[in-house]
Amino acid sequence: MLKFKIIQELFEILRCPVCNNAIEIDSQSSNIKCINHGCGTEFPVINGIPCLINEQNSVFTFEDFIHQRDLFFNISEKRTFIRRIRQLIPDINNNVKSKVNYRQFINKLFVQTPSPRILVLGGSILGEGISEIISIPGVTFIETDVSFGPRTMIICDSHDIPFADASFDGVIVQAVLEHVVDPYRSVSEIYRVLNPEGWVYAETPFIQQIHGREYDFTRFTFLGHRRLFRHFKEEDSGLVCGPGMALAWSYKYFLLSFFTSKVLRRLANLFSDITAFPLKYFDYVLKDKKSALDAASGYYFMGRKSETVLSDRELIRGYRGGF
């Protein structure tokens, strides 16, 4: 039995991430198998969660998930306990736009359909602000990740999304694209699985230090982020985390740079959070100032799938910073 009881409707849109053909449950192994005999890839089902990755095109392997190796993203009981303790300490993070953005995003989807289907990439836990829409009646969320978490329905690598073309009305990719080795391929896959009127909502960091160990690869300026979504017509974009948070992160990592001992780094981490968290409140003042866009900690993009490609000349005319 699959943990989340993947219904027939979902199986109709699931595809082999290797060859994009249909898949089925193997009656003998209870794993999932590609129906294409030329491919025939078998995908393990681990604790009821199907692992639908293309091993040849991923930094992850089936063995990583079968043995539940520490991939940084996995949420263990130990880390959950640590997170509970950390909740007692002021946080330096401050997302000043996501709640409003998610409400706008879902309203756009309801214009095109009364029952939108949304794919969440990196959805093992609820992202910042998504609680605004997660329980709205009529909306179906398919939550995927490269980690096991309380909300993971399918293990999925965004380089090869295991769904058929035009399967979704919306895709959410929040704090994910910095962790993929080829964000352009991931966005191409997002484009593929969206229907012709589909919408994407993305948040990606600009000024943030390494926060995913070896699984942290890329940062984007505002225009760099816009170019990543050049096959989409922009509805809205801007900073989602501001200069105050960026400064707090830089201060924290400046202090951490002095230490290699785990104990001392934890103490420095604690000290930096306690002393730097007030900086994030400046972002409520700065969030709508164009001068803050050049110094933001992270950006968001909301757009609709388009057949028109944004040219690079158009791109640079879209600069909205303070200079």
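Here, the structure is the one placed above.
Worth saying up front: this structure is predicted, and the values here are computed from it rather than measured.

Undergrad: Please provide a residue-by-residue account of the overall build of the protein chain, values included.
TA: Summing up its helical and strand segments, the protein chain has 10 helices and 12 strands in all. With respect to the three principal axes, the spread of C-alpha positions in the protein chain is 60 × 50 × 35 Å. Across the protein chain, contacts joining residues at least 24 apart in sequence account for 72% of those joining residues at least 6 apart. Accessible area for the protein chain stands at about 16,000 Å²; split by element, carbon and sulfur atoms hold 55% of it. Here the protein chain carries 37 positive and 36 negative side-chain charges, and the mean point of each set is 6 Å from the other.

Undergrad: Lay out the environment of C39 with the relevant residues and their values.
TA: As for its placement among the helices and strands, C39 is situated in the loop between β2 (32-34) and β3 (42-43). Since its relative accessible area comes to 23%, C39 is described here as partly exposed. Spatially, the C-alpha atom of C39 lies 8.9 Å from that of N21, the residues being 18 residues apart in sequence. Discounting residues that sit within four places of it in the chain, C39 has contacts with C16, V18, C19 and C34.

Undergrad: Could you give an account of the sheet that holds strand β5 (residues 49-52), with specific residues and numbers?
TA: Spatially, 9 strands are ordered β4-β5-β8-β7-β6-β9-β10-β12-β11 in an open sheet, and the strand pairing comes out mixed. The sheet is open, and its two borders are formed by β4 (45-46) and β11 (232-241), each paired with just one other strand. Strand direction decides the pairing type here: β5 and strand β8 (residues 154-156), joined by 2 bridges, are parallel. When the bridges of β8 are listed, C51 appears paired with I155. Here helix α5 (residues 183-193) sits on the sheet in contact with β6 (117-121), β9 (168-174), β10 (194-205), β11 and β12 (298-305), set at roughly 150 degrees to β10.

Undergrad: Hey, could you go over helix α4 (residues 98-112) for me, with residue numbers and the actual values?
TA: Here α4 is 15 residues long and its end C-alpha atoms lie 22 Å apart, about the 21 Å a rise of 1.5 Å per residue gives. When we look at burial in α4, the residues that qualify are S98, N101, Y102, F105, I106 and L109. Along the axis of α4, the buried positions cluster into a sector of 130 degrees, meaning they face one direction only. Check the buried side of α4 and you find it contacts β6, β9, β10, β11 and β12.

Undergrad: Just give me the short version of the sheet that holds β3, but keep the residues and values in it.
TA: Pairing between the strands of a sheet is mediated by backbone hydrogen bonds and can be parallel or antiparallel. With antiparallel pairing, the 3 strands of this open sheet are ordered in space as β1-β2-β3. Here the strands that pair on one side only, and so sit at the sheet edges, are β1 (23-25) and β3. Sheet topology places β2 next to β3; 2 bridges connect them, and they run antiparallel. Counterpart to K33 in the pairing with β3 is E42.

Undergrad: I'd like a description of the side chain of S167, backed by residues and values.
TA: Inspection of the secondary structure assignment puts S167 in the loop between β8 and β9. The exposure class of S167 is buried, given its relative accessible area of 8%. Here A164 takes part through its backbone oxygen, which lies 2.5 Å from a polar atom of the side chain of S167. Not counting the four nearest positions on each side in its chain, S167 is found in contact with I13, R117 and V193.

Cut-offs and rules
- Residue numbers run consecutively from 1 along every chain, following the written order of its sequence.
- With pLDDT at 70 or above as the cut-off, local features in this predicted model cover only qualifying residues; side-chain atom pairs require 80 or more to be listed or tallied, and sums for whole chains, interfaces and linings still use all residues.
- Note that water and hydrogens are dropped before the side-chain values are worked out from all heavy atoms of the structure.
- Here a strand is any run of E in DSSP of at least two residues, a helix any run of H or I of at least four, and the numbering for each starts at the N terminus.
- The criterion used for residue contact is that any of the two residues' heavy atoms lie within 4.5 Å.
- Residue exposure ignores everything except the shown protein chains as possible cover, and the areas themselves are Shrake-Rupley values with a 1.4 Å probe.
- By the counting rule applied here, Lys and Arg register as positive and Asp and Glu as negative, while His and the ends of each chain are not counted.
- Throughout, a charge is located at the NZ atom of Lys, the CZ atom of Arg, the CG atom of Asp or the CD atom of Glu.
- Relative accessible area decides the class of each residue, using a 1.4 Å probe on protein chains only: under 20% of the type maximum gives buried, over 50% gives exposed, and in between gives partly exposed.
- If DSSP finds at least two bridges between two strands, the strands pair.
- Inter-axis angles, ranging from 0 to 180 degrees, are taken between N-to-C directions of lines fitted to C-alpha atoms, where helices are fitted over the stretch in contact.
- For a helix, the expected span equals 1.5 Å multiplied by the number of residues minus one.
- Note: the arc covers the axis-to-C-beta directions of the helix.
- Polar contacts here mean pairs of N or O atoms no more than 3.5 Å apart (in protein, one a potential hydrogen donor and the other a potential acceptor; neighbouring residues in sequence count only if both atoms are side-chain atoms).

Interpretation note: all reported values are geometric properties and have no functional meaning in isolation.
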